[in-house]
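Okay, here's what each chain looks like letter by letter:
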Amino acid sequence: MQVLLARLACPVYQCFHAIKIKKNYLPLCATRWSSTSVVPRITTHYTVYPRDQDKRWEGVNMERFAEEADVVIVGAGPAGLSAAARLKQLAAQHEKDIRVCLVEKAAQIGAHTLSGACLDPRALQELFPDWKEKGAPLNTPVTEDRFGILTEKYRIPVPILPGLPMNNHGNYIVRLGHLVSWMGEQAEALGVEVYPGYAAAEVLFHEDGSVKGIATNDVGIQKDGAPKTTFERGLELHAKVTIFAEGCHGHLAKQLYRKFDLRANCEPQTYGIGLKELWVIDEKKWKPGRVDHTVGWPLDRHTYGGSFLYHLNEGEPLVALGFVVGLDYQNPYLSPFREFQRWKHHPSIQPTLEGGKRIAYGARALNEGGLQCIPKLTFPGGLLIGCSPGFMNVPKIKGTHTAMKSGILAAESIFNQLTNENLQSKTIGLDVTEYEDNLKKSWVWKELYAVRNIRPSCHSILGVYGGMIYTGIFYWIFRGMEPWTLKHKGSDSDKLKPAKDCTPIEYPKPDGQISFDLLSSVALSGTNHEHDQPAHLTLKDDSVPVNRNLSIYDGPEQRFCPAGFSPFTSTFSRIFATPIPLITWPNTTCFPSKCGVGTVVMKNWEPLVLLPALAMLSNPSLSCCGNKP
């Protein structure tokens, strides 16, 4: 018995036993790992592995049906719907027949927009002056504005003076998904052809290089990139002008940036991740119309971020709460999701949630660069609107109103060209350059110009608090008229420090009442993916996650992703010190063990022996031998 217990306690035995348990659950990529390569093939997308070079696609019919329209819009968010509605309004006013088609990846309009936003109604008023009569779901005018700095135990109130960006007088707390759904109904009533459930997957080009339109996604593809028997080709939509309203960091916009060099004269965009939850709380704690923002704990002064808590008046005691973290943070061990969960336990926040129930969770990326990071907006055959190029007013924490206005201005500029009988275009796809000119003359540009220096001012030694001081002096007093423009300090990824230079962050375990784990959170997000379908992420180089991200930064993907997509750490790193094999030969692979006492020899993914050599240091952020952290 003593021998058995000693054997079970031995780290070598534990590590080897963990391998036996784990071997049946190795990721799919492991089965594709050839003996001649140390990098698993993760990406299967046809842009990386062309189908014409894949024998599995031989004989498959690749023809696509094509439709013609005057304007095609990608994305049915506030910007895309505003552009669509405005185009049809102008067509009706001038008795013109203009076909407008809008594609949206969500199965229903508004389904990918999580509730909870503070809306400046200015653009909505311009687009639909009778929005109240039409029943727009703006049910909660802001009645109370609060702002505070959090320490670990206390909340320091900060007065919100008139004229400061955080002042929400005249704004509305809305369920943005409901507003987007309502806008979709208005657009369809005006004659817009709305196609939900169709994701734009590819930009199409004319022979002269101008944008021709888009193609929707193919369906019926296996996880490994092979066609299923149910494979169907996507639809092509051709247009004189294509409007890209994908939202932050859209994959089509990134292609356009490269092809037309749209970012040649602007700074690299800087991003944030926003996490949000919707709760039903005790009615006694419900304060409809209250807006509460905080900065400070649990983030340090060098990590840009903050929180919001909005009390909605929607017939039940709802609150929308969220946490934003700038992605230019330094410590790779930081987890935005777990910072959010920790924040909810602050003494000024937890009492509001006690006794309540969380009913939804979601996250989205945010463009935080402001004016300095806006790219060229027009190119032959198309243009960018909304959060795709990035019109968010960062200190105001609002981008819906500016996104909507950009859509309105785009529609008006396009309509002028479509109806100009004397227009002589140099390209087949129309180049609507006046859109960018009109935007720079609008209140959108004036608003973004006034706050252009607030986000960059947070890069000082005082961090976020330096930004607050700058805002108080130069924005509140001079209204952004200072004769200089501060710059961001490079891309977000440049700020991340190697893991060896940082201290791992120990996060408290979620209690299941106020704070929650990631898996249960994603279950409330409405995310639905089939197991046997291609990954939604496409890597340019499959070796980077392991050879660079994991080896230098300890795989920050496993922490910054709000849905927990990090396959290389979920299995290998709990057993092996690194998923990079030390030795490979036919059907056999050697990994350094996690316990640091030897090397695991695998043959056809069966554990053979643990050799007492080639030991490596274990990853400090992960536990040994497959045990739970």
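- An unreviewed UniProt entry lists the protein under the name Electron transfer flavoprotein-ubiquinone oxidoreductase, with Bos indicus x Bos taurus as the source organism.
- Regarding the protein, the relevant UniProt record gives this comment under Catalytic activity (unreviewed entry): "a ubiquinone + reduced [electron-transfer flavoprotein] = a ubiquinol + oxidized [electron-transfer flavoprotein] + H(+)".

## Some points on the overall build of the protein
Then step 1. Across its full length, the protein holds 18 helices and 24 strands.
Then step 2. Relative to its 629 residues, the protein shows a buried fraction of 52%.
Then step 3. A separation threshold of at least 6 residues defines the contact pool for the protein, and within that pool the share at least 24 residues apart is 74%.
Then step 4. Here the protein has roughly 29400 Å² of accessible surface; of this, 54% comes from carbon and sulfur atoms.

## Structural notes on the packing of aromatic side chains
Centre-to-centre distance and the angle between the planes together describe a pair of aromatic rings.
Then step 1. Taken as a whole, this structure holds 14 aromatic pairs when the rule is applied.
Then step 2. Each ring, one from Trp131 and one from Tyr172, has its centre 5.8 Å from the other, and the planes form 85 degrees; the classification is edge-to-face. Here Trp131, found in the loop between α5 (122-127) and β4 (140-141), pairs with Tyr172, found in strand β7 (residues 172-174); they are 41 residues apart in sequence, far enough to count as distant.
Then step 3. Since its relative accessible area comes to 5%, Trp131 is described here as buried.
Then step 4. Both rings, one in Trp279 and one in Phe516, keep their centres 6.1 Å apart while their planes meet at 50 degrees; by these two values the pair is tilted. In this pair, Trp279 sits in strand β14 (residues 271-280) while Phe516 sits in the loop between α13 (464-475) and α14 (518-522), placing the two residues 237 residues apart along the sequence.

## Section: helix α10 (residues 400-418)
Then step 1. Over its 19 residues, α10 extends 27 Å from the first C-alpha to the last, a length consistent with the 27 Å expected when each residue adds 1.5 Å.
Then step 2. Buried residues dominate α10, accounting for 16 of its 19 residues.

## Considerations on the environment of Ile349
Then step 1. Tracing the sequence through the fold places Ile349 in the loop between α8 (336-343) and α9 (350-353).
Then step 2. Owing to a relative accessible area of 3%, Ile349 belongs among the buried residues under this scheme.
Then step 3. Every residue in contact with Ile349, bar those within four places of it in the chain, is listed here: Leu309, Trp343 and Lys344.

## Quick notes on the sheet that holds β7
Then step 1. What the three strands build is an open sheet, ordered β3-β7-β4; its pairing is antiparallel. Strand pairing shows two members of the sheet lacking a second neighbour, β3 (117-119) and β4, which therefore form its edges.
Then step 2. Examined bridge by bridge, β4 and β7 share two bridges and lie antiparallel to one another. Among the inter-strand pairings, Thr140 is bridged to a residue of β7, identified as Ile173.

## Some thoughts on helix α12 (residues 443-450)
Then step 1. The buried fraction of α12 is high, at six of eight residues.
Then step 2. Its buried side turned inward, α12 meets α5, α10, α11 (434-440) and α13.

## Focus: the pattern of salt bridges
Then step 1. Counting across every chain of the model gives 24 salt bridges.
Then step 2. A salt bridge links Glu236 to Arg64; its shortest N-O distance comes to 3.3 Å. Here Glu236 is found in strand β13 (residues 236-244), whereas its partner Arg64 is found in the loop between α3 (28-31) and β1 (66-74), with 172 residues between them in sequence.
Then step 3. What makes Glu236 buried here is its relative accessible area of 16%.
Then step 4. The class of Arg64 is buried, set by a relative accessible area of 17%.

## Description of the side chain of Thr216
Then step 1. Residue placement: Thr216 occurs in strand β10 (residues 211-216).
Then step 2. For Thr216, a relative accessible area of 3% gives the class buried.
Then step 3. Of the polar contacts made by the side chain of Thr216, one reaches the backbone nitrogen of Leu235; its length is 2.7 Å.
Then step 4. Setting aside its immediate chain neighbours within four residues, Thr216 contacts Val103, Tyr198, Ala199, Ala200, Ala201, Gly234 and Leu235.

Quick notes on the rules
- Residues numbered from 1 in each chain as written.
- Predicted model: local features only at pLDDT ≥ 70, side-chain atom pairs only at ≥ 80, totals over all residues.
- Heavy atoms only, no water.
- UniProt positions renumbered as here; feature names shortened; annotations may be inferred.
- Helix = DSSP H or I, 4+ residues; strand = E, 2+ residues; numbered from the N terminus.
- Buried < 20%, exposed > 50% of the residue type's maximum accessible area, 1.4 Å probe, protein only.
- Contact = heavy atoms within 4.5 Å.
- Areas by Shrake-Rupley, 256 points an atom, 1.4 Å probe, with all protein chains shown as cover.
- Phe/Tyr/Trp six-rings, centres within 6.5 Å; stacked < 30°, edge-to-face > 60°.
- Expected span 1.5 Å × (residues − 1).
- Pairing = 2+ DSSP bridges.
- Salt bridge = Lys/Arg side-chain N within 4 Å of Asp/Glu carboxyl O.
- Polar contact = N/O pair within 3.5 Å; in protein donor to acceptor, adjacent residues only side chain to side chain.

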